[in-house]
Amino acid sequence: MGKLIEAVTNGGTIPLLSPTLNDAKIKRADQIIEGVRKGDRAALAEFAAHFGGVRYQETVTTGDDFIWAFAQLTAKSVTDEWEETERTWSEVIETDTITSFDAPTNYYIDAAVEGFERPVNEPGKPGNIVPIVPEGSPYPAFQFSGELAESGSIHKAGGQFNLTFEKIINDIEGIVPKIPVLIRDSLLQREEWDAWSGLISILELPANALAAGDSLLDVAVPANAPLSREALEVALVQAGLREVRGKKVRVGSYALIVPTGGALQANFLLNNVSVTGQERTDGLITNVVSFNGWNPLSKITKVVESDFMEDGSWALVPNKGAIRGPKFYALTRLRGHEGPELRVQNLTGNYLGGGAVPPFEGSFDTDSAAFRGRIINGGIGWNTNYPVFSDGTGS
């Protein structure tokens, strides 16, 4: 494998679109595309010729593989920019991979399996703790339980960008640099939708709603209270009382999710304590302020904004990596298909009288050809009762 072929396939992670591509063809195609970006007339003319802009034009430099070299370079550009793009959802949402489109199963050791209850020389040992094995005794068998995901699934999603014959003739200089950007942006929007919409659907489950309660200083907080220090205190208490598989959850820290534009107020509430009180002595007013040296909201370590949160709403969710125990939620991808996939349509047939029609001269029916971009992912919830959510209505 040549160095350029290795580079445009990212070491084999991007499929090689044609087995006849080589370094020389990739290099020349890259030079032509760069010339198109700069508006070079010779490059524009050569690009049009390669893509069927001049009928029966022979392609001397790259042969019939120019279109595949162009698609290969586009696929690399989409993939590289995809990987470099920052995602706001990734601040709070984990990622995972599974091996099929079927509802995934998570396996764990059941706390009440018969095998781990013996031998009986360890009084009080939970069933999920492997036992001491005395000399000459058989090892007990591991017994696992399977847990289906509670919500969500993975799916393929994508679209195609039609490159018409008219665009090739009229707007090569404008459209060519935009193709990778248009494909990347459309797939990123889908990924963001999958990540956030799956999480929001879990947050809005009735069981996760903030219930009425009292703050640490006995301030009454209504159900679905607006964001306040007192409401956050109640939410933390309620989050700590949640159970998964019959045990209290163990979460080291939480993230606070708020609507876009709400981070300033949220950070102010988290990092400021106001204690008010006054004494009157001989007509003079003295402000009394007392701090106990500990912030009860210190377990909330991050504020994340989301366009998918309704105005006034807010939620506490476990930070990435903060759960000690069963999984919560992840944007999940199909193993082996973790990134964007680009394909090029090539169903154009032959010219009358012989000779293959270049794919980008257009289809027989519509004079158009297409890039198809695809991703395979989805939000999957395993144990959906970790978060606390408030719609902010106070009722």
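Residues numbered from 1 in each chain as written. Predicted model: local features only at pLDDT ≥ 70, side-chain atom pairs only at ≥ 80, totals over all residues. Heavy atoms only, no water.

Okay, the overall build of the protein chain next. The helix and strand tally for the protein chain stands at nine helices and 18 strands. For the protein chain, with 395 residues in total, the buried portion stands at 43%. As displayed, the protein chain has an accessible area near 21,300 Å², and 52% of this comes from carbon and sulfur atoms. (Helix = DSSP H or I, 4+ residues; strand = E, 2+ residues; numbered from the N terminus. Buried < 20%, exposed > 50% of the residue type's maximum accessible area, 1.4 Å probe, protein only. Areas by Shrake-Rupley, 256 points an atom, 1.4 Å probe, with all protein chains shown as cover.)

As a further point, take the pattern of salt bridges. For the coordinates displayed, the defined rule picks out twelve salt bridges. Among the ionic pairs, Lys 38 bridges to Glu 34, the shortest N-O distance being 3.8 Å. For Glu 243, the salt bridge is made with Lys 248, and the minimal N-O distance between the two is 3.2 Å. Under the relative-accessibility criterion, Glu 243 is labelled partly exposed at 38%. Ionic contacts of the salt-bridge type, sharing partners, join the residues Glu 34, Arg 37 and Lys 38 into one network. (Salt bridge = Lys/Arg side-chain N within 4 Å of Asp/Glu carboxyl O.)

Positive phi, normally seen in glycine, also occurs at Asn 10, with a value near 50 degrees. In this fold, Asn 10 is placed in the loop between α1 (3-8) and α2 (23-37). Judged by its relative accessible area of 21%, Asn 10 is partly exposed. Even without being a glycine, Asn 224 presents a positive backbone phi close to 50 degrees.

Taken together, Leu 216, Val 237, Leu 241 and Trp 294 make up a surface patch of nonpolar side chains, about 440 Å² in accessible area. On the secondary structure map, Trp 294 appears in the loop between β12 (284-287) and β13 (300-306). What makes Trp 294 exposed here is its relative accessible area of 53%. (Patch = residues over 30% accessible without salt bridge, like charges linked within 9 Å, V, L, I, M, F, W, Y side chains within 5 Å.)

Before going further, it helps to examine the confidence of the model for the protein chain. Here the protein chain averages 81 in pLDDT, and 77% of its residues register 70 or above. Taken as a whole, residues 111-115 scores under 50 in pLDDT and shows nine contacts with residues more than four places along the chain or in a different chain. Note that pLDDT drops below 50 for residues 347-367; the model gives that stretch 41 contacts with residues more than four away or on any other chain. (pLDDT = per-residue confidence, 0-100. Contact = heavy atoms within 4.5 Å.)

This brings us to the pairing of strand β14 (residues 314-318). With five of its five residues buried, β14 lies for the most part within the structure. Here β14 shows two buried faces, one formed by Trp 314, Leu 316 and Pro 318 and the other by Ala 315 and Val 317. Summarising the sheet, strand β10 (residues 254-259) and β14 pair through four bridges and their orientation is antiparallel. The partner of Ala 255 across the bridge, within β14, is Val 317. Across three bridges, the pairing between β14 and strand β18 (residues 388-390) is antiparallel. Residue Leu 316 lies in a different strand from β18, and its bridge partner there is Val 388. (Pairing = 2+ DSSP bridges.)

Relative to the assigned elements, Asn 22 resides in the loop between α1 and α2. Overall, the relative accessible area of 32% leaves Asn 22 in the partly exposed class. For the pair Asn 22 and Leu 4, spaced 18 residues apart in the sequence, the C-alpha separation amounts to 7.8 Å. There is a polar contact of 3.1 Å between the side chain of Asn 22 and the backbone nitrogen of Ala 24. (Polar contact = N/O pair within 3.5 Å; in protein donor to acceptor, adjacent residues only side chain to side chain.)

On to the pairing of β10, then. Taking burial as the measure, the six residues of β10 include six buried ones, the bulk of the element. In this structure, β10 lies alongside β13, joined through six bridges in parallel fashion. By the bridge assignment, Ala 255 is partnered in β13 with Lys 302.

Here we take up the packing of aromatic side chains. Counted under the stated rule, the structure contains five aromatic pairs. What links up through ring pairs into an aromatic cluster is the set Phe 47, Phe 66 and Phe 70. In this structure, Arg 87 is placed above the aromatic ring of Trp 82, and the distance from its NZ or CZ to the ring centre is 4.8 Å. (Phe/Tyr/Trp six-rings, centres within 6.5 Å; stacked < 30°, edge-to-face > 60°. Lys NZ or Arg CZ within 6 Å of the ring centre and 35° of its normal.)

Of all hydrophobic cores here, the largest spans 47 residues; its most connected members are Ile 93, Leu 232, Leu 256, Trp 314 and Leu 316. Where this core is concerned, the elements lending two or more residues are α7 (178-203), α8 (229-240), β10, α9 (263-271), β13, β14, β15 (329-334) and β18. Discounting chain neighbours no more than four positions away, the residues touching Leu 316 are Leu 232, Ala 235, Leu 236, Tyr 254, Ala 255, Leu 256, Ile 300, Pro 387 and Val 388. Listed in part, the 35 residues of the second largest apolar core include Ala 43, Ile 175, Ile 179 and Ile 183. (Core = buried A, V, L, I, M, F, W, Y, C linked by side-chain atoms within 4.5 Å.)

To continue, consider the side chain of Ser 253. Tracing the chain through its elements places Ser 253 in the loop between β9 (247-248) and β10. Engagement of the side chain of Ser 253 in a polar contact is seen with the side chain of Asn 319, the distance being 2.8 Å.

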